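# Architecture and fold: a report
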Amino acid sequence: MGYWRSLRWKIALLVAVACCSIAFIVGVLVHGSTYDRSMNDGAAKAYTALDGALATERGSADGADGVDVAHVVYNPEEMPAELVRKAREDGQADLYDESRRYSPRMWAAQRLDDGGLAAVSLDMTPDQLSRRALDRNMWKYSLATLAVIVPLSAVAAELPNRRLRRVARTARRIASGDLAARTGVGRRTGDEITEISASVDTMADSLQDRLLNEQRFTADVAHELRTPLMGLVTSAGLLPEGEATELVRDRVRVLRTLVEDLLEISRLDADAEQADIRPVPLGEVVAESVARTGLVARVTVSGKPVAATDPRRLDRIVANLVTNAHRHGAEQERATVEVTVGDGVVVVRDHGPGFPESLLADGPRRFRTGVAERGRGHGLGLTIALGQAQVIGATLTFANAADDGGAVATIRLPG
């Protein structure tokens, strides 16, 4: 049936409201017109009956049309008070009397030459029943029409609603990183939905072209830097020992790490990475990864978990997370980095200021570190970890601990 707040049901509700409004207005107009005509016809018949009754009483030949003179009322007390007042003021008057609900009457009165009043009344019950039957039929057929029109409008609204949902799905896929997603409408002209679909496709084409250009530029820069960088590494190794030499070698190592990260990013962007999945002892692999970083971290393993994964890529993920935790969370007094290994789950936590809100909302972005409290860096470590996790089919999530706000990164391996 669809979500009740969707555009489909809003259109159906609008049609229902419009139909109800039209039915109500037409019903009121028809009821008023029928009532007025009934009152006019009833008054005319009452005056005709009164004239005929008076003519018959005077013995006029014009009155011999079957009117019963016994119906003429001369006693004002037997007439409605309003009728008496109007007749005495205007000389004649008519009045629709509904004091008896199921037996209404139409009165006609005339002032006589001697100052008295004469009046007759006609039974309007058949006319009242006819009007009520007309009102019932109007409401009945209006409801029947609504019962047909509203479902038909909901069905008719489903086609544009389906097209809009397809555009929304495509936009969400593009926002999640699938820049190859398209609505499939091409560049043809049409209604507003077609224009929106074409605009989304055009936007995706533009974003994809820009991203590919940036990825190619990053890869080209990294490859171009690789050759002079190797020369720098060799030259730094030939320098005499000293404080200045150590500073140069440190900066060269930083530059080399950056270039290697850029090359790895370019391979991940090009989908050139293939995972070598095999069963591995998860606790041992994580402990060895932490040890190779040369950083202090407390590793806790629950049981003897075994996971089917690529150990080399898992090592890269864990190393990047531990390095990131030390860089951004080791300046606090409780500087311990905790690595917890469970059944298919690896959690890396620090006790620093936590991840910035932008990272929690949008995920890691290259060349963006978030906030100054998290330290400085090029933002590639978490980006590479996220990319490698996707290669091995793992899920990498980021959060802040509820107790002290420390950063928590969780790796969930498939299976």
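Residues numbered from 1 in each chain as written. Predicted model: local features only at pLDDT ≥ 70, side-chain atom pairs only at ≥ 80, totals over all residues. Heavy atoms only, no water.

### Quick notes on the sheet that holds strand E5 (residues 298-301)
- Judged by pairing direction, the sheet is mixed, and its five strands sit side by side in the order E5-E7-E8-E10-E9 without closing on themselves. Since the sheet does not close on itself, it has two edges, and those belong to E5 and strand E9 (395-400), each with one partner. When the angles between neighbouring strand axes are averaged without regard to direction, this sheet yields 15°.
- Bridge count for strand E8 (residues 345-349) against strand E10 (residues 407-412) is five bridges, and the pairing is antiparallel. In the strand pairing of E10, Val348 is matched with Ala409.
- Sitting on the sheet, helix H6 (residues 282-293) touches E5, strand E7 (338-341) and E8, and the angle it makes with E7 is about 160°. (Pairing = 2+ DSSP bridges. Helix = DSSP H or I, 4+ residues; strand = E, 2+ residues; numbered from the N terminus. Axes fitted to C-alpha atoms, helices over the stretch in contact; angles between N-to-C directions. Contact = heavy atoms within 4.5 Å.)

### Section: the confidence of the model for the chain
- Summarising the model, the chain shows a mean pLDDT of 82, and 90% of its residues fall at 70 or more.
- In the predicted structure, residues 61-70 sits below a pLDDT of 50 and forms nine contacts with residues beyond four places in sequence or in another chain. (pLDDT = per-residue confidence, 0-100.)

### Thoughts on the pattern of salt bridges
- Considering all chains together, one arrives at 15 salt bridges under this definition.
- Taking the shortest distance from any N to any O, the salt bridge between Glu82 and Arg85 comes out at 2.3 Å. With Glu82 and Arg85 both in helix H2 (residues 81-90), this residue pair falls three residues apart, about one helical turn.
- Using a relative accessible area of 38% as the deciding quantity, one classes Arg85 as partly exposed.
- Ionic pairing is found between Arg278 and Asp276, a salt bridge with its closest N-O pair at 3.1 Å.
- Given a relative accessible area of 44%, Asp276 falls into the partly exposed group. (Salt bridge = Lys/Arg side-chain N within 4 Å of Asp/Glu carboxyl O. Buried < 20%, exposed > 50% of the residue type's maximum accessible area, 1.4 Å probe, protein only.)

### Focus: the side chain of Ser197
- For Ser197, the position within the fold is in helix H4 (residues 192-238).
- A relative accessible area of 2% means that Ser197 is categorised as buried.
- Those residues in contact with Ser197 that lie beyond four places of it in its chain are Val167, Thr183 and Val185.

### Side note on the packing of aromatic side chains
- This structure, assessed with the given rule, holds two aromatic pairs.
- Ring plane angle 85° and centroid distance 6.3 Å describe the contact between Tyr35 and Tyr96, whose orientation is recorded as edge-to-face. With a gap of 61 residues between them, Tyr35 in helix H1 (residues 7-57) and Tyr96 in strand E1 (residues 92-97) connect regions that are remote in the sequence.
- On the numbers, 5.3 Å between centres and 80° between planes, the contact of Phe355 with Phe398 is edge-to-face. (Phe/Tyr/Trp six-rings, centres within 6.5 Å; stacked < 30°, edge-to-face > 60°.)

### Re the nonpolar core
- By size, the foremost hydrophobic cluster in this structure holds 30 residues, and its most contacted members are Leu321 and Ile411.
- At the level of secondary structure, the elements contributing two or more residues to this core comprise H6, helix H7 (311-329), E7, E8, helix H9 (380-391), E9 and E10.
- The element contributing the most residues to this core is H7, with six residues.
- If near-sequence neighbours (up to four positions away) are discounted, Leu321 is found in contact with Val348, Leu382, Ala385, Leu396, Phe398, Ala409 and Ile411. (Core = buried A, V, L, I, M, F, W, Y, C linked by side-chain atoms within 4.5 Å.)

### Looking at the environment of Asp90
- Relative to the helices and strands, Asp90 is located in helix H2.
- For Asp90, a relative accessible area of 57% puts it in the exposed group.
- Separated by 21 residues in the primary sequence, Asp90 and Arg111 place their C-alpha atoms 8.5 Å from one another.

### Points about the sheet that holds strand E3 (residues 117-123)
- Spatial ordering of the open sheet is given by E1-E2-E3, a layout of three strands whose pairing is antiparallel. For this open sheet the edge positions go to E1 and E3, each flanked by a neighbour on one side alone. Across the sheet, the mean angle from the axis of one strand to that of its neighbour is 15°, orientation sign disregarded.
- Bridge count between strand E2 (residues 105-111) and E3: seven bridges; the pairing is antiparallel. Counterpart to Trp107 in the pairing with E3 is Ser121.
- Docked against the sheet, H1 engages E1, E2 and E3, running at close to 45° with respect to E2.
- Docked against the sheet, H2 engages E1, E2 and E3, running at close to 160° with respect to E1.

### Details of H2
- Those residues of H2 not exposed but buried are Leu83, Val84 and Ala87. The buried residues of H2 occupy an angular sector of 100° when the element is viewed end-on, so they sit on one face. Opposite its buried face, H2 presents the exposed residues Ala81, Glu89 and Asp90, each directed more than 90 degrees away.
- Packed against the buried residues of H2 are E1, E2 and E3.
- Two residues or fewer after H2 comes Gly91, characterised by a positive phi angle close to 95°. (Arc of directions from axis to C-beta.)

### A closer look at the state of the cysteines
- Considering all chains together, one arrives at zero disulfides under this definition.
- Cys20 provides the cysteine sulfur closest to Cys19, a residue in no disulfide bond, and the two sulfurs are 7.0 Å apart.
- According to the relative accessible area criterion, Cys20 is partly exposed, its value standing at 39%. (Disulfide = S-S within 2.5 Å.)

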